[in-house]
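Inside the fold
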Protein chains: 2
Amino acid sequence: MDVTIAVDAMGGDHGPHVTVPAAVEYLRSFPGDTIVLVGLPDVIEAELRALKVATGPHLLIHAASEVVGMDEPPQQALRNKKDSSMRVAVNLVKSGEAAACVSAGNTGALMATGRYVLKMLSGIDRPAIATFLPNVKGKACMLDLGANVDCNAEHLLHFALMGSALASAILHKENPTVGLLNIGSEEIKGNEVVKQAAELLQQSDLNFYGNVEGDDVFKGVTDVVVCDGFVGNVSLKTAEGVAKMMGGFLKEEFGRNIFTKFLALLSMPVLNAFKRRLDHRRYNGATLLGLRGIVVKSHGSADSFAFHCAIESAAEEARSGMLRHISDHMEKWHHSEQQKAVVS
Amino acid sequence: MDVTIAVDAMGGDHGPHVTVPAAVEYLRSFPGDTIVLVGLPDVIEAELRALKVATGPHLLIHAASEVVGMDEPPQQALRNKKDSSMRVAVNLVKSGEAAACVSAGNTGALMATGRYVLKMLSGIDRPAIATFLPNVKGKACMLDLGANVDCNAEHLLHFALMGSALASAILHKENPTVGLLNIGSEEIKGNEVVKQAAELLQQSDLNFYGNVEGDDVFKGVTDVVVCDGFVGNVSLKTAEGVAKMMGGFLKEEFGRNIFTKFLALLSMPVLNAFKRRLDHRRYNGATLLGLRGIVVKSHGSADSFAFHCAIESAAEEARSGMLRHISDHMEKWHHSEQQKAVVS
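First things first, this report covers the structure right here in the doc. (Residues numbered from 1 in each chain as written. Chains lettered and ligands numbered in written order. Predicted model: local features only at pLDDT ≥ 70, side-chain atom pairs only at ≥ 80, totals over all residues. Heavy atoms only, no water.)

**Quick word on the relation of the copies chain B and chain A**
Inclusion rule: Superposition of the copies used a least-squares fit over C-alpha atoms from residues whose pLDDT is at least 70 in both. The criterion used for residue contact is that any of the two residues' heavy atoms lie within 4.5 Å.
Under the fitted operation, chain B is carried onto chain A by 0.0 Å of movement along the axis and a turn of 180°, and the coordinates agree to an RMSD of 0.0 Å. On this basis, the relationship between the two copies can be described by a two-fold rotation axis. By residue overlap, the copies meet face to face through one surface: 100% of the interface positions of chain B are interface positions in chain A.

In structure tokens:
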């Protein structure tokens with residue numbers, strides 16, 4: 001299925017220098033899809049000229065006269081910049097002209113714009129940020145990664161419902177396993193919110209595995225890992241920090257002397273394969289779940305390859321019918337809740 | 001300064017098979033120190049015989065007739081096993097016969113026993129679990145790692161005071177920097193507890209750096225990283241999980257075919273140096289801070305080398321006068337609080 005993706009061409013630390021080449025590169029891999037570059041036409045056209053690429057039926061420019069600053073307060077962006085590249089890209093999802101949008105802009109502003117323009121899916125209070133992380137078996141979906149710092153048990157349940165729908169769409173699994181991030185696998189462990197969430201998850205129709213710990217995320221114990229946004233964000237950044245430190249140590253050890261440098265040269269294909277498996281750019285593109293539309297947030301500092309990966313995520317989610325999956329899950333859950341209410 | 005360390009010889013997954021050889025090995029490195037092996041004399045003696053080592057003035061056996069099970073509820077262990085190797089080891093610290101004790105036993109029971117026997121330092125409500133983690137600049141102290149799942153701002157301040165004292169004793173720094181683990185470096189970020197804790201830390205005499213994120217822990221941004229036990233535990237285990245996954249990937253890539261295996265053989269010294277730098281066993285030994293005595297918890301599954309490292313931590317803390325450091329910090333803080341109260 002071919003899809004149309006709206007790209008906020010102005011967002012991110014590097015704006016069109018990154019977003020435009022990424023879009024062009026994406027279309028080389030997926031020539032059937034269509035990209036709408038949203039932003040200042042002059043700037044986008046200049047980038048396209050530099051790449052010797054012309055617009056066409058699969059590569060369109062949609063004008064937007066404003067740009068949301070990376071540090072701009074979300075509410076201000078929402079109120080004052082109605083013609084920002086971010087807002088217009090989200091509008092294209094709302095109107096159905098695009099199946100999904102991607103932005104490397106300010107997370108808070110993107111979240112606020114998504115909520116305001118697209119609205120929340122029925123039954124969901126709060127959007128969550130989800131991404132896929134590599135593990136020894138493949139990859140797993142983790143959420144929330146920072147949208148909600150204080151959560152109650154029901155929020156965690158909603159995250160689980162949404163994460164399960166996302167994982168089932170992307171991993172092509174009928175009934176993905178869901179783990180609740182905790183500090184011990186025993187049921188008695190954890191804080192009150194997590195204990196209550198475990199009860200709700202037990203009662204739900206989800207394939208609830210039980211508690212998982214920080215290291216289980218990378219052992220691939222479950223397909224989905226659920227936590228509040230504070231814990232998720234710390235865990236994600238811890239993982240990034242450790243991976244970077246280890247990469248640095250390996251480089252240092254291979255750079256110690258002329259002999260080790262020679263070994264590094266010989267081992268280059270092995271070391272590159274290793275690097276590729278952990279390349280965080282391949283995991284760029286977090287989904288803002290809970291909205292009535294697909295909005296993917298790229299890392300602000302993404303380079304062209306990383307942004308390309310974020311576009312791929314958006315397209316994959318659009319193709320997979322993820323939104324319907326979530327709605328179905330929510331409906332089933334509400335239905336079973338009503339049944340319980342009738343019975344009791 | 002020579003110190004005496006009480007070792008709970010029966011604790012951990014492997015008991016005396018690990019603790020006794022570790023103690024013997026430790027004394028080879030630190031012949032001036034003294035180790036008291038606490039537990040069932042027959043079993044300990046059998047281990048010593050197997051190692052062809054005799055007791056002497058630096059290697060003593062102290063009888064204890066009971067053993068706390070790894071899954072035994074802490075309160076039950078405390079009530080019913082007054083002659084457990086764990087309890088007797090802590091008693092030796094209380095009586096001053098040992099400067100510190102080390103146990104690989106049940107964390108909850110060790111914590112409960114420590115609190116009951118040694119009591120808390122004045123002004124501290126809750127003990128915290130602290131450990132040193134490697135980073136690109138050396139190592140930093142992180143706490144709490146799981147003793148307290150629900151914390152208020154004042155608890156986080158106490159952790160900071162204790163962690164700063166520990167870091168200053170171990171890292172030999174006059175005024176170690178303290179970071180507050182959060183999900184963004186801006187002051188407006190984070191949950192309510194963290195925001196309040198930041199204010200308390202600002203007002204304290206500590207060298208408060210501000211907020212740090214998960215990746216900053218491994219960049220070595222601060223000497224101390226403070227967080228609640230839930231977040232700290234998840235972060236610690238995430239780090240372990242990522243390190244293990246990356247080690248596995250590296251092994252896989254070097255094991256792909258005969259050529260890569262040959263490269264691995266050639267690169268062995270480099271790969272071993274890399275492995276050594278990240279060897280989690282070197283970081284074994286978490287300190288239960290806040291007690292009126294030094295209690296170090298080894299990982300339950302520690303091998304002899306890892307347990308040796310935990311004994312080293314305990315000895316280093318005993319030598320450094322860490323407890324006095326903490327008391328001084330607490331007194332200074334209480335004094336400045338009283339001053340403020342008088343002024344206002």
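Once you've had a look at it, read on.
**Describing the interface of chain B and chain A**
Basically, it comes down to this: Two parts placed together each lose some accessible area; with a 1.4 Å probe, that loss summed over both constitutes the buried area. By definition, a salt bridge exists where a carboxyl oxygen of Asp or Glu is found within 4 Å of a side-chain nitrogen of Lys or Arg. Here a polar contact means two N or O atoms within 3.5 Å. Within protein one must be a hydrogen donor candidate and the other an acceptor candidate, and residues neighboring in sequence count only if both atoms are side-chain atoms. A run of H or I in DSSP counts as a helix once it spans at least four residues, and a run of E counts as a strand once it spans at least two, with each numbered from the N terminus. Ten residue types, Ala, Val, Leu, Ile, Met, Phe, Trp, Tyr, Cys and Pro, are classed as nonpolar, four, Asp, Glu, Lys and Arg, as charged, and the remainder, Gly among them, as polar.
Each partner contributes to the interface: chain B provides 48 residues, whereas chain A provides 48 residues. Surface buried jointly by chain B and chain A totals about 4,600 Å² across both partners, of which 76% is contributed by carbon and sulfur atoms. For the pair chain B and chain A, the number of links is six salt bridges. For B:Glu213, the salt bridge is made with A:Lys237, and the minimal N-O distance between the two is 2.2 Å. For the interface between chain B and chain A, the tally reads 10 residue pairs in polar contact (both at pLDDT 80 or more). Mapped by element, the contributors of at least two residues to the side of chain B that touches chain A are β5 (128–135), α7 (192–203), α9 (229–254), α10 (258–266) and α11 (268–278) of chain B. With 20 residues, the top contributor of residues to the side of chain B that touches chain A is α9(B). Considered class by class, the residues forming the side of chain B that touches chain A number 25 nonpolar, 14 polar and nine charged.

**Digging into the pattern of salt bridges**
Oppositely charged side chains can form a pair if their charged atoms are brought close together. Evaluation of the coordinates by the stated rule reveals 25 salt bridges over all chains. When salt bridges with common partners are traced through the structure, they connect A:Glu252, A:Glu253, A:Arg256 and B:Arg277 into a single cluster.

**Remarks on the sheet that holds strand β8 (residues 207–212) of chain A**
All names here are of chain A. Heads up, the rule is: Think of it this way: DSSP has to see at least two bridges between two strands before they count as a pair. Fitting a line to C-alpha atoms yields each axis, with helices limited to the stretch in contact; the angle taken between N-to-C directions then spans 0 to 180 degrees.
Strand order in the open sheet made by the 11 strands is β3-β2-β1-β4-β11-β10-β5-β6-β9-β7-β8, with mixed pairing throughout. Looking at the sheet topology across the chains shown, the edges are occupied by β3 (59–63) and β8. If you compare each strand with its neighbour and ignore which way they point, the axes differ by 25° on average. With two bridges joining them, strand β10 (residues 286–289) and strand β11 (residues 294–297) adopt antiparallel strand pairing. Paired with Ala-286 across the strands is Lys-297, a residue of β11. Contacts from helix α7 (residues 192–203) reach β7 (177–181) and β8, with the element oriented near 165° to β7.

**A closer look at helix α5 (residues 107–118) of chain A**
Residues and elements named next belong to chain A. Note the cut-off: A helix is expected to span 1.5 Å multiplied by its residue count minus one. Classification of residues uses two cut-offs on accessible area relative to the type maximum, computed with a 1.4 Å probe and protein chains only: under 20% is buried, over 50% is exposed, and between them is partly exposed.
Taking 1.5 Å per residue, 12 residues should reach 16 Å; α5 reaches 16 Å between its end C-alpha atoms and fits that length. Within the sequence span of α5, burial applies to Ala-109, Leu-110, Met-111, Ala-112, Thr-113, Gly-114, Val-117 and Leu-118. The inward-facing, buried residues of α5 abut α3 (74–80), α4 (85–94), β4 (100–103), β5 (128–135), β10 and β11. Looking one or two residues beyond α5, the residue adopting positive phi is Lys-119, at roughly 70°.

**Here we look at a nonpolar patch on the surface**
To keep things clear, this is the line we draw: Patch membership requires over 30% relative accessible area and the absence of a salt bridge. Like charges are linked within 9 Å, and nonpolar side chains (Val, Leu, Ile, Met, Phe, Trp, Tyr) within 5 Å. Areas reported as accessible are Shrake-Rupley estimates using a 1.4 Å probe. Residue values count occlusion only from the protein chains shown.
Together, A:Phe262, A:Leu265, A:Leu266, A:Met268, B:Phe262, B:Leu265, B:Leu266 and B:Met268 make up an exposed nonpolar region whose accessible area comes to about 760 Å². Breaking the nonpolar patch down by element, the ones donating at least two residues are α10 (258–266) of chain A together with α10 of chain B. Here B:Leu265 is to be found in helix α10.

**Points about the pairing of strand β1 (residues 4–8) of chain B**
All names here are of chain B. Stated precisely, the cut-off is as follows: With the strands pointing away from the viewer, any crossover whose connection runs clockwise from the first strand over the helix to the second is right-handed.
The element β1 is largely enclosed, with a buried count of four among its five residues. Here β1 runs beside strand β2 (residues 34–39); their pairing, made up of five bridges, is parallel. Looking at β2, one finds that Thr-4 is bridged to Thr-34. In this view, the connection linking β1 to its parallel neighbour β2 by way of helix α1 (residues 16–29) has right-handed handedness. Where β1 lies against strand β4 (residues 100–103), three bridges are found, and the strand directions are parallel. Directly across from Ile-5, in β4, lies its bridge partner Ala-100.

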